[in-house]
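# Structure at a glance
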Amino acid sequence: MSQERFKDTGTDSIFGDILYERVVPRDHFLVKLKELIDWSRFRRKLLQWYKGQGQNGRPPYDPVIILRMLLISFLYNLSERQTEEATNLNLAIKYFVGLAVDQLAPDHSELTVFKKRLRQNGHLAAFQEMFDEIIAIALEKGVEFGKVQVLDSVHTIANVNVQKDEKRQEQGKGPRDPGARWGVKRTRKVRDEKGNVQEQKEYFYGYKTHVSINAQSRLVTSLDFSSGEAYDGHFLPSLVEKDLAKGLPVETVTGDRAYDDGDNHVFLWSKGIFSAIRLNDYRTEKKDPNKQVWLDLKADPRYQAGLKERYKVEPKFGEGKTGHGLARCRYIGLVKYAIQSYLTAMVLNLKRLVRILTGVAFKGRATAQG
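In every chain, residue numbers begin from 1 and rise along the written sequence. Residue-level local features of this predicted model are given only where pLDDT is at least 70; pairs of side-chain atoms are given and counted only at 80 or more, and the full residue set underlies all totals for whole chains, interfaces and linings. Excluding hydrogens and water, the side-chain values take into account all heavy atoms of the structure.

## Side note on the packing of helix H4 (residues 63-75) against helix H7 (residues 109-122)
In a pair of packed helices, the angle between the axes and the distance between the axes together describe the arrangement. The interhelical angle for the contact between H4 and H7, taken along N-to-C directions, is 105°, at an axis separation of 10 Å. Judged on the interaxial angle alone, H7 and H4 are roughly perpendicular. Between H4 and H7, the contacting residues are Pro-63, Ile-66, Leu-67, Met-69 and Leu-70 on the first element and Glu-110, Leu-111, Phe-114 and Lys-115 on the second. Under the scheme applied here, ten amino acids are nonpolar (Ala, Val, Leu, Ile, Met, Phe, Trp, Tyr, Cys and Pro), four are charged (Asp, Glu, Lys and Arg), and all others, including Gly, are polar. Its residues assigned to classes, the contact of H4 with H7 shows seven nonpolar, no polar and two charged. Every axis in this analysis is a line fitted to C-alpha atoms, fitted for helices over the stretch in contact. Angles between the N-to-C directions lie between 0 and 180 degrees. Note on conventions: DSSP H or I runs of at least 4 residues are helices, E runs of at least 2 residues are strands, and numbering of each starts at the N terminus. Angle categories: roughly parallel below 35 degrees, roughly antiparallel above 145, roughly perpendicular from 65 to 115, and oblique for all the rest. We call two residues in contact whenever any of their non-hydrogen atoms come within 4.5 Å of each other.

Quick look at the structure:
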């Protein structure tokens, strides 16, 4: 039977693991991350998207090496060129990636080719599988998942100069990013000069990632994607179905008023899941005999308990935006945005997994010294 063949990394030499064990601290986050995960699981999944599956043609780089470089890019919010440089200069990163000290990192273009290969051969399935594998690893390692899932969406600004793009379209040219749309970032109530309360909306141009987070483990468990104008409530069923498919112990789902849709409540009830979605006022304030079901729902202790878990999603979004570049699209188009979101969520989950299982926290910025 044929065996996979990959480019030599030199890790079996004196410049490989033996040297790293002497110079890279054993309690470094990247050391713990490399040792905690069985990365061969990702190799098996990735090779199915390789034309020769690592057995025919010229030996490629081990796909795990390229994957770990991509994770470094998102972990430290580096461009792909910067990732190549950091891998060459930073011993902890080079050790994590899987190269000997005297080996040069793959050219940054390899990261582009890698993403393109997965995207063309598997669309988003390859990234979905890698993301799901991290949840599977967490379950196998005994990470406790609670019974409450928190749903929300996070917006990302398109990689577009809107003013220039408007002028471009006035000249009869197409938009730079045809998939991006205007959406509402937030709505707040303000008083006008006469003291009347009015709603003020703040808009953004770009995309959304729709997210399910487990309230206890604080791991991102499921994702979906859309352009900026999409209605959040439409994505509840798909997120919940994905969570259930992973074997998560979902008993309560909570979210803000954007998810307060009759179909969503019925969907959750049909699955035997308690709906702790924050209700719009009209449901309980209307003069309607049918409002009793909503009054009973609000009176259930599980309703308030679920709503109290909603705050846990905001720090996760802030972490993704300020620490890992999710505030702005790296790429153009919905599919490439989904890839960015998957990789960002993988990084967030790996950070959390290392913290839960080893107690070692990620410390941030990469330097030549590590």
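## Thoughts on the packing of aromatic side chains
Two rings from Phe, Tyr or Trp (for Trp, the six-membered ring) form a pair when their centres sit within 6.5 Å of each other. Planes less than 30 degrees apart are called stacked, planes more than 60 degrees apart edge-to-face, and all others tilted. Within this structure, the stated rule accounts for ten aromatic pairs. Summarising the aromatic geometry, the rings of Trp-182 and Tyr-205 are spaced 5.2 Å apart at their centres and angled 50° between planes, so their arrangement reads as tilted. Placement of the pair is Trp-182 in strand E2 (residues 181-191) and Tyr-205 in strand E3 (residues 197-214), with a sequence separation of 23 residues. With a 1.4 Å probe rolled over the protein chains alone, any residue whose accessible area is under 20% of its type maximum counts as buried; one over 50% counts as exposed, and the rest are partly exposed. For Tyr-205, a relative accessible area of 12% gives the class buried. Summarising the aromatic geometry, the rings of Phe-225 and Tyr-342 are spaced 5.0 Å apart at their centres and angled 70° between planes, so their arrangement reads as edge-to-face. One end of the pair, Phe-225, is in strand E4 (residues 220-227); the other, Tyr-342, is in helix H16 (residues 334-358), with 117 residues separating them in the sequence. Tyr-342 gets classed as buried once you look at its relative accessible area, which sits at 2%. One aromatic cluster in this structure is built from Phe-29, Tyr-76 and Phe-362. Definition used: whenever NZ (Lys) or CZ (Arg) falls within 6 Å of the ring centre and also within 35 degrees of the ring normal, the charge is taken to sit over that ring. The aromatic ring of Tyr-95 is capped on one face by Arg-26, whose charged end is 5.4 Å from the ring centroid.

## Examining the environment of Glu-241
For Glu-241, the location among the structural elements is in helix H10 (residues 236-245). Taking the relative accessible area as the measure of exposure, Glu-241 reaches 35% and is therefore partly exposed. Setting aside its immediate chain neighbours within four residues, Glu-241 contacts Phe-267 and Lys-271.

## Observations regarding helix H11 (residues 262-270)
Three or more residues of H11 are buried, namely Asn-264, His-265, Phe-267 and Leu-268. Along H11, the residues classed as buried sweep out an arc of 160° about the axis, all on the same side. Away from its buried face by more than 90 degrees, H11 exposes Asp-263 and Ser-270. Where H11 is buried, its residues touch H10, strand E5 (252-255), strand E6 (274-277), helix H12 (282-285) and helix H13 (292-299). Two N or O atoms form a polar contact when they lie within 3.5 Å of each other; inside protein one atom must be a possible hydrogen donor and the other a possible acceptor, and for residues adjacent in sequence the pair counts only when both atoms belong to side chains. Put simply, Asp-261 is the residue that caps the front of H11, since its side-chain oxygen is 2.8 Å from the backbone nitrogen of Asp-263. Directly beyond the C-terminal end of H11, a positive phi value near 75° is found at Gly-272. By construction, the arc corresponds to the directions joining the helix axis to the C-beta atoms.

## Here we look at the side chain of Thr-83
With respect to the element layout, Thr-83 can be found in helix H5 (residues 80-89). What Thr-83 contacts, discounting residues up to four positions off in sequence, is Met-69, Ile-72, Ser-73, Leu-78 and Leu-111.

## Considering unusual backbone geometry
The phi dihedral of Asn-77 is positive, around 55°, even though this residue is not glycine. Checked against the element boundaries, Asn-77 lands in the loop between H4 and H5. Residue class for Asn-77 comes out partly exposed when judged on its relative accessible area of 36%. Here Arg-218, not a glycine, exhibits a phi torsion of approximately 60°, which is positive. As for its placement among the helices and strands, Arg-218 is situated in the loop between E3 and E4. For Arg-218, a relative accessible area of 30% gives the class partly exposed.

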